[in-house]
Amino acid sequence: MMRGTRIRNIIYLLSLITSALVFQGSRNRIPGEPTPLKIFYPAYFGNRVNIPVENPTTEEGVELGRMLFYETALSSNNWVSCGTCHRQDLAFTDGKQFSEGVDGVVQPRNTMSLANLLWVRQFFWDGKTRGLEDQSIVPMTGVHEMGQSLEVSVNKLKAIKRYSSFFMNAFGSEQITSLRIRQALAQFQRTLVSCNSRYDQYLRGEYQPTASELNGISLFFTNPNPSKGIRGAGCGGCHGGPKTYNELFHNNGLDSVITDRGRQDVTGKEEDLGRFRVVTLRNIALTAPYMHDARFRSLNEVLEHYNKEMIRTPTLSPALQNNSNNLDGRSLGLTKKERGDLVAFLLLLTDSTFITDPRFSNPYKQ
Amino acid sequence: MRRISCFLITLFGCLQLLTAQDSLTKPTIKVTGEVIKELNLTQKDIAGMPRVNAILRDRDGKNVTYTGVALQDILELAGISTGKDLRGENLSKYLLVKCSDGYEVLFSLAEIDKGFTDRVIILADESMGKPLPPAKGPFRIIVPGEKVPARSSFQVVELVVAFAKE
């Protein structure tokens, strides 16, 4: 079994290398210009990707972006990089309830995973920024995050000799600007695609799930309908499709008194009170603790929450109302065995290739 | 005289602020994209348009009647080609319905045109004579006759008209 998995992983890596070589051979490289890079992802992820025309992905841009992602000079105390709170081994989270910034003050919300951002349009738990190019301004300049103005970051990078050539390769001139820093970071983060979990291997016909995992898959994507004897957890309505991601903002019934207004802070609209972004469940077993306030320590706790009666507030997601496996039931009503099967499915979403891929690792630690 | 002018200017400023605040917080339906005239319709605007009913089967299998405005009537207000004019390249146009939680569903223009179908898709704001509940209203789409109600989306905030370009 172990040997089979190893062989499959080797085949997968070889296919990645082959596709890279094929691409390398077919591209029309113009001397002195950055080389276009096609980001690999499976067809079942769909092409609703977000790459701005003014910042196409290039090999050199991604290389620079990776260096900047792990560059501690971008923080005021020279200790913190993006990679400090977004660790590759934890699917680019840090395992903490709330991450600490340069001044030791913790963030108000849990650090989000960076997997499959290529399909995300609005960033953070409340969707306050559109586009990865603008997203990075928030952590870089936040007083309790990296705590440094973009002007200071530009000047610090200018003083580090190696960067001028990397900016030259990525953007055609040695000029270091705050826009180019943001563009390179965005290019790198768009390449953080997780698509080789056992669930992906199952979708490619290379892995046979256990009975428990198969039941978990079925429960996850099925809405309960007790009048027809159909059992389901109804997760797919929000975490839909193979990406387990839809760009939605929902109130998932955590509190009767909502202290963090979530999406309402951005829109000011009544219906957005207590709404937060529905996250991807890719690598979810690696990204504990869960929810915007990190209140749940394990997947079992999360499932217990969704299995009990939701706390009803006016903005509670309609998807979580009248969702029961029992006639006239007020809670989801999954059995312990069914909850176990769902966890078995969620564990299938861990992608060991993603968390060990050298293309995403810290270049300063090699 | 100068005091009165100052007072009037301040009053006008306050009214402007209140109006701006209102348009931010009061629910409206925006109609944007490939339209002749962009719209921002209030609840009052919608209530003043010709009213139609549509029936949607709920989860328990019961038929529920909703009242609102035919989507086609809203699109005609925005200057979209309908009926006999909906032909040629206009048949590759679509309507993207956007909801406040980020949910989106799509219709081809022909699907919602009385010249093509007897089925009337509506933007509903009432059911059984009452406003829709906050979790689903104030505006939602009702698509009669579909096997699953996935396109009968809640909390609609924007209708975007566009050409399919591929």
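What you see is a predicted model; the values in this text were computed from it and never measured.

Attention now goes to the overall build of chain A. Scanning chain A from terminus to terminus reveals 14 helices and four strands. Taking 366 residues into account, the globule formula puts the C-alpha radius of gyration at 21 Å, and chain A, at 22 Å, falls close to it. Each principal axis of the C-alpha distribution contributes one length, and for chain A these read about 70 × 50 × 35 Å. Residues classed as buried in chain A amount to 40% of the 366 residues present. A separation of at least 24 residues holds for 68% of the contacts in chain A among residues at least 6 apart in sequence.

The subject of this paragraph is the overall build of chain B. Across its full length, chain B holds three helices and ten strands. Sequence-ordered secondary structure for chain B, helices as α and strands as β, is α-β-β-α-β-β-α-β-β-β-β-β-β. The buried share of chain B, reckoned over its 166 residues, is 27%. When contacts within chain B are restricted to residue pairs at least 6 apart in sequence, those whose partners lie at least 24 apart make up 56%.

The biggest cluster of nonpolar side chains holds 60 residues, and the ones touching the most others in it are L342 of chain A together with I29, L71, I122, L123 and I142 of chain B. Here this core takes five residues from helix 13 (residues 336-348) of chain A, the largest share from any one element. Once you skip the residues sitting within four places of it in the chain, I29 of chain B turns out to touch L41, I46, L123, F139, V156, V157 and L159 of chain B. Within the second largest apolar cluster, 39 residues are counted, among which are V62, L157, A184 and F188 of chain A.

Moving on, we get to the interface of chain A and chain B. Counting residues at the interface gives 15 residues for chain A and twelve residues for chain B. Of the residues that constitute the side of chain A that touches chain B, the class distribution is five nonpolar, five polar and five charged.

Turning to the confidence of the model for chain A, a few remarks are in order. Predicted confidence across chain A gives a mean pLDDT of 92, with 91% of residues reaching 70 or more. pLDDT under 50 marks residues 14-27 of chain A. Its contacts with residues more than four places away, or in other chains, come to five contacts.

What follows covers helix 7 (residues 163-171) of chain A. All names here are of chain A. All of the buried residues along helix 7 are Y163, F166, F167, A170 and F171. Down the axis of helix 7, the smallest arc covering the buried residues is 105°, so these residues share one side. In the core, the buried residues of helix 7 are packed alongside helix 2 (59-69), helix 6 (150-158) and helix 8 (178-190). Of the residues trailing helix 7, G172 is marked for its positive phi of about 85°.

In this chain, A288 of chain A is followed by P289 of chain A through a cis amide linkage whose omega measures -5°. Inspection of the secondary structure puts P289 of chain A in the loop between strand 4 (276-277) and helix 12 (299-307). Cis rather than trans, the peptide bond between G137 of chain B and P138 of chain B has omega equal to 0°. Within the element layout of this structure, P138 of chain B appears in the loop between strand 8 (130-131) and strand 9 (140-142). Backbone geometry at M291 of chain A places phi at a positive 85°, although glycine is not the residue there. As for its position among the elements, M291 of chain A is in the loop between strand 4 and helix 12. Owing to 17 C-beta atoms within 10 Å, M291 of chain A belongs among the partly exposed residues under this scheme. Look at D328 of chain A: it is not a glycine, yet its phi comes out positive at around 60°. In this structure, D328 of chain A sits in the loop between helix 12 and helix 13.

Residues and elements named next belong to chain B. Reading across from one edge, 2-1-10-5-6 is the order of the five strands in this open sheet, with mixed pairing throughout. A single partner strand is all that each edge strand has here, and the edge strands are strand 2 (39-42) and strand 6 (104-108). For this sheet, the mean inter-axis angle between neighbouring strands, taken without regard to orientation, is 20°. Relative to strand 10 (residues 156-163), strand 5 (residues 93-99) runs antiparallel, the two being bridged by seven bridges. Residue pairing for strand 10: K93 is matched across the bridge by F163.

Residues and elements named next belong to chain A. Note that N47 resides in the loop between helix 1 (2-26) and helix 2. Here N47 falls in the exposed class, since 8 other C-beta atoms lie within 10 Å of it. Here the alpha-carbon distance between N47 and W119, two residues 72 residues apart in the chain, equals 8.3 Å.

Across chain B, pLDDT averages 87, with 85% of residues at or above 70. Prediction confidence for the complex, expressed as pTM and ipTM, is 0.87 and 0.81 respectively.

What follows is about the pairing of strand 3 (residues 52-57) of chain B. All names here are of chain B. Direction of pairing for strand 3 relative to strand 4 (residues 63-70): antiparallel, over a ladder of six bridges. Note on strand 4: the bridge partner recorded for L56 is V64. Once strand 3 ends, the chain turns through five residues before running back antiparallel as strand 4, passing G61 with a positive phi of about 85°.

Attention now moves to the packing of helix 2 of chain A against helix 7 of chain A. Residues and elements named next belong to chain A. Two elements in contact, helix 2 and helix 7, have axes whose closest approach is 7 Å; the angle formed by their N-to-C orientations is 145°. The handedness of the crossing between helix 2 and helix 7 is left-handed. Across from E60, G61, E63, L64 and M67 in helix 2, the residues of helix 7 making contact are F166, F167, N169 and A170. The residue inventory of the contact of helix 2 with helix 7, partitioned by class, reads five nonpolar, two polar and two charged.

Reading the values: rules and limits
Residues numbered from 1 in each chain as written. Chains lettered and ligands numbered in written order. Predicted model: local features only at pLDDT ≥ 70, side-chain atom pairs only at ≥ 80, totals over all residues. Helix = DSSP H or I, 4+ residues; strand = E, 2+ residues; numbered from the N terminus. Rg over C-alpha atoms; globule rule 2.2 N^0.38 Å. Buried ≥ 20, exposed ≤ 12 C-beta atoms within 10 Å, placed from the backbone. Contact = placed C-beta atoms within 7 Å. Core = buried A, V, L, I, M, F, W, Y, C linked by C-beta atoms within 7 Å. Nonpolar A, V, L, I, M, F, W, Y, C, P; charged D, E, K, R; others polar. pLDDT = per-residue confidence, 0-100. Arc of directions from axis to C-beta. Pairing = 2+ DSSP bridges. Axes fitted to C-alpha atoms, helices over the stretch in contact; angles between N-to-C directions. Left-handed = near helix turned anticlockwise from the far one by under 90°.

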